Amino acid sequence: TWDPCLDIVGHRMGHAFVRRDASDSAGDRERVVALARGLGETDGVMIYPEGTRFSEAKRARVLAKIEASGDTERLERARALERVLPPRLGGTLAALDAAPDADVVVCAHTGLEAAARFRDLWQGRIRGQVLRACFWRIPRAQVPEGAARAEWLEEVWKKVDAWVRANESLSPAKRHSGPRSG
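Residues numbered from 1 in each chain as written. Predicted model: local features only at pLDDT ≥ 70, side-chain atom pairs only at ≥ 80, totals over all residues. Heavy atoms only, no water.

Peer 1: Residue-level account of the packing of helix 2 (residues 25–36) against helix 5 (residues 89–98), with values.
Peer 2: The geometry of helix 2 relative to helix 5 is characterised by a closest axis approach of 8 Å and an angle of 35 degrees between their N-to-C directions. Here helix 2 runs over helix 5; the crossing is right-handed. Contact residues: helix 2 offers Arg29, Val32, Val33 and Ala36, while helix 5 offers Gly90, Gly91, Ala94, Ala95 and Ala98. Each residue belonging to the contact of helix 2 with helix 5 can be placed in one class, and the counts come to 6 nonpolar, 2 polar and 1 charged. (Axes fitted to C-alpha atoms, helices over the stretch in contact; angles between N-to-C directions. Helix = DSSP H or I, 4+ residues; strand = E, 2+ residues; numbered from the N terminus. Left-handed = near helix turned anticlockwise from the far one by under 90°. Contact = heavy atoms within 4.5 Å. Nonpolar A, V, L, I, M, F, W, Y, C, P; charged D, E, K, R; others polar.)

Right under this line is the structure:
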């Protein structure tokens, strides 16, 4: 809620701001499920699976936390991501369960790297930066059920990472078509 846009809009619409420290992960997940349950054809739920904006320092902290957990497979997958943090699965998977007919729209973006903290935005560190974004839709029929869904989300996140790496250094004149689903 430190981001004024998210704070103002989020409090005017249905929202479930969750704490990054996961002190109430079950409660956070239930608030996300409540938003996703019963979505209509023109409704949507926006989720930030990383939980925060990317920075090298945040990446190092996340990798250290995964390493401390002893989950070597997840650590290997997380280390392969160079420009995004690994997705936090709980809220995203819970929302997918609660909205069984909803398609998934993914947004990858670059140009905000200098704004890892709210203070960076306030100080104008992104002034003059080129913002690039790519959205792609994944039809619900292509979203797996059950345990395969976590692996699927991590594969989607690898595509996001690849898109960010390919687009963060492009000159404004160049264009990139973004990943394709399926």
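There's plenty left to go through after this.
Peer 1: Break down the nonpolar core for me, with residues and values.
Peer 2: Most often, soluble globular proteins have nonpolar side chains that are buried together. Grouped together as the largest cluster of nonpolar side chains are 18 residues, with contacts concentrated most on Val104, Val106, Trp136, Ile138, Trp152 and Val160. Of all the secondary-structure elements, those providing two or more residues to this core are helix 5, strand 1 (104–110), strand 2 (132–138) and helix 7 (148–167). Sorting elements by how many residues they give to this core places helix 7 first, with 7 residues. Within the second largest apolar cluster, 8 residues are counted, among which are Ala36, Ala94, Ala95 and Ala99. (Core = buried A, V, L, I, M, F, W, Y, C linked by side-chain atoms within 4.5 Å. Buried < 20%, exposed > 50% of the residue type's maximum accessible area, 1.4 Å probe, protein only.)

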